[in-house]
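# A look at the structure
If you want the building blocks of each chain, they are given just below.
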Amino acid sequence: MSVQESAFHGFANPVDPSPAELRAWAYHPDSIPLTSMPQDWDLLVSGNGLVATLFDLAMDPACPARRFALHCLYIYAADGIRTQFRAHPKRRFWKLVELAERDGDELMRTWAHNSRFLRDQPNAFAYRDWCEGGLVRANRRLT
């Protein structure tokens, strides 16, 4: 039975979920609504330990929490780029961008484009767009 088919029974520690817990929740997000998660949960889970899981979820058009995962990828991108990759491994991040460009759909290619745009135009950072979900809601390419 896949994670998508099984029920989600909760997080051992919602502040520090495991990749398996995050994946299970993402396919059953109504089991624990985002509104009941700890404050700034999106910022808490947008780190190195979960980025591969978030990327996989964002790449899956069938994932019910796909937009949340994509939102977390925007946070991860902004954090890495704006800290000149002191916060996140540069090589790992750019590998994800390349995978999104090569194998992703329009949402993921837009994320990759916007990540490259922010690298080239760091003044294009707006907290509302990158960290509060503005670019996910609008699905717009920065120019």
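Please refer to the structure placed before this passage.
Each chain has its residues counted from 1, running along the sequence as written. Where totals are concerned, whole chains, interfaces and linings use all residues; where local detail is concerned, this predicted model gives features only for residues with pLDDT of at least 70, and gives and counts side-chain atom pairs only at 80 or more. By convention in this description, side-chain values take in all heavy atoms of the structure and omit both hydrogens and water.

### Things to note about the overall build of the protein chain
Worth spelling out the cut-off: Numbering of helices and strands starts at the N terminus; helices are DSSP runs of H or I of at least 4 residues and strands are runs of E of at least 2. Exposure is judged per residue with a 1.4 Å probe applied to protein chains only, and the accessible area is read against the type maximum: over 50% gives exposed, under 20% gives buried, and values in between give partly exposed. Throughout, a contact is declared for two residues whenever any of their heavy atoms are within 4.5 Å. Using a 1.4 Å probe, the Shrake-Rupley method yields the accessible areas, and only the shown protein chains count as cover for residues. Just so you know, the count uses Lys and Arg for positive and Asp and Glu for negative, and it drops His and the chain ends. Note on charges: their place is set at NZ of Lys, CZ of Arg, CG of Asp or CD of Glu.
Counting secondary structure elements, the protein chain contains eight helices and zero strands. If you list the helices and strands of the protein chain from N to C, you get α-α-α-α-α-α-α-α. Counting only C-alpha atoms and orienting by the principal axes, one finds that the protein chain spans roughly 45 × 30 × 30 Å. Out of the 143 residues in the protein chain, the part that is buried amounts to 46%. Of all intrachain contacts in the protein chain linking residues separated by at least 6 positions in sequence, the fraction that spans at least 24 positions is 58%. In the form shown here, the protein chain has an accessible surface area of approximately 7600 Å², with 50% of it arising from carbon and sulfur atoms. Counting 17 positive and 17 negative side-chain charges, the protein chain places the centres of these two groups 8 Å from one another.

### A closer look at the nonpolar core
Which entries qualify depends on this criterion: In these notes, a set of buried Ala, Val, Leu, Ile, Met, Phe, Trp, Tyr and Cys residues joined through side-chain atoms within 4.5 Å is what counts as a nonpolar core.
Formed by 47 residues in total, the largest nonpolar core has its most connected members in Trp25, Leu70, Leu73, Phe93, Trp111 and Trp130. Put simply, the parts of the chain that give this core at least two residues each are α1 (19–26), α2 (41–45), α3 (51–59), α4 (66–82), α5 (90–103), α6 (106–120) and α8 (134–138). Among the elements that take part in this core, α4 stands out by supplying eleven residues, more than any other. Setting aside chain neighbours within four positions, we find Phe93 in contact with Tyr76, Ala77, Ile81, Phe85, Trp111 and Ser115.

### Digging into the state of the cysteines
Defined as follows: The criterion for a disulfide is a pair of cysteine sulfur atoms lying within 2.5 Å.
If you walk through the whole model with that rule in mind, you get zero disulfides. The structure places no disulfide on Cys63, whose sulfur is separated from the nearest cysteine sulfur, that of Cys72, by 11 Å.

### Some thoughts on unusual backbone geometry
With phi around 55°, Gln84 is a residue other than glycine that occupies positive phi space. Relative to the helices and strands, Gln84 resides in the loop between α4 and α5. The exposure class assigned to Gln84 is exposed, which follows from its relative accessible area of 63%. We note that Phe85 has phi near 65°; this positive angle belongs to a residue other than glycine. Residue placement: Phe85 occurs in the loop between α4 and α5.

### Describing the packing of α3 against α4
Note the threshold: Only the stretch in contact is used when a helix axis is fitted, and all axes are lines through C-alpha atoms; the angle between N-to-C directions ranges over 0 to 180 degrees. Each angle gets one of four labels, with under 35 degrees taken as roughly parallel, over 145 as roughly antiparallel, 65 to 115 as roughly perpendicular, and the rest as oblique. When the near helix sits turned anticlockwise from the far one by under a right angle, the crossing is termed left-handed; a clockwise turn instead gives a right-handed crossing. Under the scheme applied here, ten amino acids are nonpolar (Ala, Val, Leu, Ile, Met, Phe, Trp, Tyr, Cys and Pro), four are charged (Asp, Glu, Lys and Arg), and all others, including Gly, are polar.
Close contact between α3 and α4 brings their axes to 8 Å; oriented N to C, the two are set at 135°. It follows that α3 is oblique to α4 by the angle criterion. Between α3 and α4 the crossing geometry is left-handed. Residues Val51, Leu54, Phe55, Leu57, Ala58 and Met59 of α3 touch α4, and the partners they reach there are Arg66, Ala69, Leu70, Cys72, Leu73 and Tyr76. Per-class residue counts for the contact of α3 with α4 are eleven nonpolar, no polar and one charged.

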